[in-house]
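So you can see what is in the structure, the chains are spelled out below.
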Amino acid sequence: MTTPENAVPIEEEQEITATKPRISFPTFDTEDVETWFVCLEAAFYVNAVKLDKHKFNAYATKRAQSANT
């Protein structure tokens, strides 16, 4: 069997490290919900979270972690 000239060798043991982005979410303000949403969208923008499903998952995960502590 021959290998292509542009083949990339695969190392046997590679360590892959996954990291979660840490988004600093604003504290919910019942007196000023509109500003809270603006700050929340700014937090997503700064962290390059663009898709609504990713925004939902990020905030839902944060809420779940807060409830468990």
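Conventions adopted
Residues numbered from 1 in each chain as written. Predicted model: local features only at pLDDT ≥ 70, side-chain atom pairs only at ≥ 80, totals over all residues. Heavy atoms only, no water. Phe/Tyr/Trp six-rings, centres within 6.5 Å; stacked < 30°, edge-to-face > 60°. Helix = DSSP H or I, 4+ residues; strand = E, 2+ residues; numbered from the N terminus. Polar contact = N/O pair within 3.5 Å; in protein donor to acceptor, adjacent residues only side chain to side chain. Contact = heavy atoms within 4.5 Å. Core = buried A, V, L, I, M, F, W, Y, C linked by side-chain atoms within 4.5 Å. Buried < 20%, exposed > 50% of the residue type's maximum accessible area, 1.4 Å probe, protein only. Axes fitted to C-alpha atoms, helices over the stretch in contact; angles between N-to-C directions. Parallel < 35°, antiparallel > 145°, perpendicular 65-115°, else oblique. Nonpolar A, V, L, I, M, F, W, Y, C, P; charged D, E, K, R; others polar.

Asks: I'd like a description of the packing of aromatic side chains, backed by residues and values.
Replies: Under the criterion given, the structure shown has 5 aromatic pairs. Both rings, one in Phe-28 and one in Trp-36, keep their centres 4.9 Å apart while their planes meet at 80°; by these two values the pair is edge-to-face.

Asks: Could you give an account of the side chain of Lys-55, with specific residues and numbers?
Replies: Turning to its location among the elements, Lys-55 is positioned in helix H2 (residues 52-68). A distance of 2.8 Å separates polar atoms of two side chains, one belonging to Lys-55 and the other to Glu-41. Not counting the four nearest positions on each side in its chain, Lys-55 is found in contact with Glu-41, Phe-44, Val-49 and Lys-50.

Asks: Help me get a handle on the nonpolar core, residues and values and all.
Replies: Core analysis: the biggest nonpolar cluster contains 7 residues, these being Ile-23, Phe-25, Trp-36, Leu-40, Ala-43, Phe-44 and Val-49. With near-sequence residues (within four places) excluded, Phe-44 lies in contact with Ile-23, Phe-25, Val-49, Lys-55 and Ala-58.

Asks: Run through the packing of helix H1 (residues 33-46) against H2, naming residues and quoting values.
Replies: Between H1 and H2, the least distance of the axes is 11 Å, while the angle of their chain directions is 105°. One finds that H1 runs roughly perpendicular with respect to H2. Here Trp-36, Leu-40, Glu-41 and Phe-44 of H1 come into contact with H2, specifically with Lys-55, Ala-58 and Tyr-59. Here the residues of the contact of H1 with H2 sort into 5 nonpolar, no polar and 2 charged.

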